[in-house]
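Listed below, chain by chain, are the residues.
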Amino acid sequence: MADTLQIAVFDGETLSYLRKGRGGGEAILALGLDWLLVRMVKIPAESLGDADAFVEPLMKELSPFPDESLTVSCETVAEDESGRTVIAAALPEGACGQIEEALDAEKLDIVRVDALAFGALRSLWSEIFSTDEDMRRIVLIGDGPGMALFILERDKPVEIRHIHSGSDVKREITLSILRAADLAGPSDIGEIVVSGGIDTGPLEMFGSVRVLETAPDAAAGIEERAADPGTLNALPASWLDVLEETRFKRKLKIFLSAAFGIWTLLMAAMFLAPQYYLRKKNAYEAQSKAQKTAYRSVSERKRQVEAVRSVSNHDLGALETLRVVNSAMQPDMTLSKWTFKRGDKVSFSGTVDNGDQTQVYTFKNALTAVTLSQISENEEDDKPFFTEVALPRGVISRGSKAMFDVECSFKEPGEED
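Computed from a predicted model, the values in this text were never measured in an experiment.

1. A few points about the side chain of Thr85
Phase 1: Tracing the sequence through the fold places Thr85 in strand β6 (residues 83-90).
Phase 2: Of the residues examined, Thr85 reaches a relative accessible area of 12% and is grouped as buried.
Phase 3: When near neighbours in sequence (up to four residues on either side) are disregarded, Thr85 contacts Met40, Val41, Lys42, Glu75, Thr76, Val77, Ala78 and Leu183.

2. Structural notes on a nonpolar patch on the surface
Phase 1: Together, Leu252, Phe255 and Leu256 line one region of the surface with nonpolar side chains, adding up to about 310 Å² of accessible area.
Phase 2: Note on placement: Leu252 falls in helix α7 (residues 237-312).

3. Some thoughts on helix α6 (residues 218-227)
Phase 1: Taken together, the buried positions of α6 are occupied by Ala218, Ala219, Gly221, Ile222, Arg225 and Ala226. Angular distribution of buried residues about the axis of α6 spans 160°; they occupy a single face of the element.
Phase 2: Here the buried face of α6 lies against β1 (6-10), β2 (15-19), β3 (25-31), β5 (73-80), β7 (108-115) and α3 (116-123).

4. Comments concerning the packing of helix α8 (residues 318-328) against helix α9 (residues 358-369)
Phase 1: Remark: α8 packs on α9, axes separated minimally by 9 Å, with the N-to-C direction vectors making an angle of 135°. Looking at the two axes, α8 sits oblique to α9. Between α8 and α9 lies a crossing whose hand is right-handed. In this structure, α8 uses Val324, Val325 and Ala328 to contact α9, whose residues at the interface are Phe363, Ala366 and Leu367.
Phase 2: A per-class count over the contact of α8 with α9 returns six nonpolar, no polar and no charged.

5. Notes on the packing of α3 against α6
Phase 1: α6 packs onto α3 with a crossing angle of 95° between their chain directions and a minimal axis gap of 7 Å. Our classification of the angle between α3 and α6 gives roughly perpendicular. Contact residues: Leu116, Phe118, Gly119, Ala120, Arg122 and Ser123 in α3; Ala218, Gly221, Ile222, Glu224 and Arg225 in α6.
Phase 2: For the contact of α3 with α6, the per-class residue count stands at five nonpolar, three polar and three charged.

Parameters and conventions
- Residues numbered from 1 in each chain as written.
- Predicted model: local features only at pLDDT ≥ 70, side-chain atom pairs only at ≥ 80, totals over all residues.
- Heavy atoms only, no water.
- Helix = DSSP H or I, 4+ residues; strand = E, 2+ residues; numbered from the N terminus.
- Buried < 20%, exposed > 50% of the residue type's maximum accessible area, 1.4 Å probe, protein only.
- Contact = heavy atoms within 4.5 Å.
- Patch = residues over 30% accessible without salt bridge, like charges linked within 9 Å, V, L, I, M, F, W, Y side chains within 5 Å.
- Areas by Shrake-Rupley, 256 points an atom, 1.4 Å probe, with all protein chains shown as cover.
- Salt bridge = Lys/Arg side-chain N within 4 Å of Asp/Glu carboxyl O.
- Arc of directions from axis to C-beta.
- Axes fitted to C-alpha atoms, helices over the stretch in contact; angles between N-to-C directions.
- Parallel < 35°, antiparallel > 145°, perpendicular 65-115°, else oblique.
- Left-handed = near helix turned anticlockwise from the far one by under 90°.
- Nonpolar A, V, L, I, M, F, W, Y, C, P; charged D, E, K, R; others polar.

Rendered as structure tokens:
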């Protein structure tokens, strides 16, 4: 989704873009933390079955519109046997009038609402943790006219706050440290990481200050978050309804356009196809007539060549076949009823005067083992002389004699008659 969507930013007065598409369509809306209700919440294990019911009243405490229904979205940052710690966020619809007017002017449909500071934090993550991770640190990132404050316990947020321009920074940071202690227990601040032209003077009382030289790439961070299904989306319910309706209308328009196109093609096919196929039929018939004489001439010449080739191949002739069969005969064996069909098969009957049936199977195996190299000039041709040797009736004993029939085929398996 992040690969195809534009990212819009509303600063309180105007709508701008971190990445702009062709205009209109779907987009991600990135807002400063001062537009959103954001709170770190620890959901007890016994309340995890209905986490929304637990979180929503806590979020309404922050809302300037307490009677308004909130669409709260949560992002899990930690979980253990005692419960789950989440970042809860919501965008009050009562504060969205200016935003909606700006979005309507740009004809944008919002699919995701995220905090601009969250994207900046994501893009600076490797810089923030370029030093020891095993500490509690404060991260301050420029967020519009104010700043976004994050307190991280190792790599997990334990407090998030927006500090407005002109506020008492020391007081706000102190309150944030106390709230972090309520959630995650007391701990010393290992360092303060700053990004975005923030005055570091009031910060030194809380610990060592490290200023990041790398500018945050909020667009890249928001794209990464949009691709992560576990991140929050503070899209209000009414905006989601509008989005679904717009998508439905868009799909319906595409469907109707496709249906009209198919109907047009069917009408064209109904009127033009018969004429087209008639012309093709006439062309094929003319081409067929023109080639018929040549085809018959080539077919006749091929038949003649094959006939001459077959007759001239003495290796597969009746005499050579008789010689091969005779060479495989056993001492007490007599053959009769010889039938030979060139290129097809040879069949015959026989008897073993002393009734020894093993001679019949030895005879059959000897015929099966004969190769063309044994009877032709091509000494490297290991192709069998007979493609198949069969005893249709098996071996029948009558008195002191064993009687049998043999069928030997010259045709390859699957070759038509």
